[in-house]
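# Geometric and topological summary
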Amino acid sequence: MATTQMVAIMILGLLVASSIDIAGPQSIGVCYGMLGNNLPNHWEVIQLYKPRNIGRLRLYDLNHGALQALRGSNIEVMLGLSNSDVEHIVSGMEHAKWWVQKNIRDFWPDV
């Protein structure tokens, strides 16, 4: 049994190692949480990220202020959606297009 577990761990390790792009430039990613007290404004946060070579950012939900601060930063953004937004978007392609037009389109291609 121990041998089977070791083989499984080795295979998993090889899969992970083979998926890492060691030749290309690496980019640091962070999750940008906004729950708390006395947080800096969005622009200040993005200004902290840029000189630290943070090239990827996750927003937990739609925040126009954060998207506005990200304009021209060249930071890639992964946007989380609230449950109500997900329910609306999956109800049909027209709903999804409307949501993107209303919430995302104004920030493209600068973000």
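All values reported here derive from a predicted model rather than from experimental measurement. (Residues numbered from 1 in each chain as written. Predicted model: local features only at pLDDT ≥ 70, side-chain atom pairs only at ≥ 80, totals over all residues. Heavy atoms only, no water.)

## Some points on the overall build of the protein chain
- Helix and strand counts for the protein chain stand at 5 helices and 3 strands.
- Considering only contacts within the protein chain whose residues lie at least 6 apart along the sequence, 51% involve residues at least 24 apart.
- Accessible area of the protein chain: about 8500 Å², with a carbon and sulfur share of 60%. (Helix = DSSP H or I, 4+ residues; strand = E, 2+ residues; numbered from the N terminus. Contact = heavy atoms within 4.5 Å. Areas by Shrake-Rupley, 256 points an atom, 1.4 Å probe, with all protein chains shown as cover.)

## Topic: the packing of aromatic side chains
- Under the defined criterion, the tally for this structure stands at 1 aromatic pair.
- Measuring from ring centre to ring centre gives 6.2 Å for Tyr32 and Tyr49, while their planes differ by 80°; the resulting arrangement is edge-to-face. Of this pair, Tyr32 sits in strand 1 (residues 28-32) while Tyr49 is found in helix 2 (residues 42-49), placing the two residues 17 residues apart along the sequence.
- The class of Tyr49 is buried, set by a relative accessible area of 14%. (Phe/Tyr/Trp six-rings, centres within 6.5 Å; stacked < 30°, edge-to-face > 60°. Buried < 20%, exposed > 50% of the residue type's maximum accessible area, 1.4 Å probe, protein only.)

The values reported here are purely geometric and, on their own, carry no functional implication.
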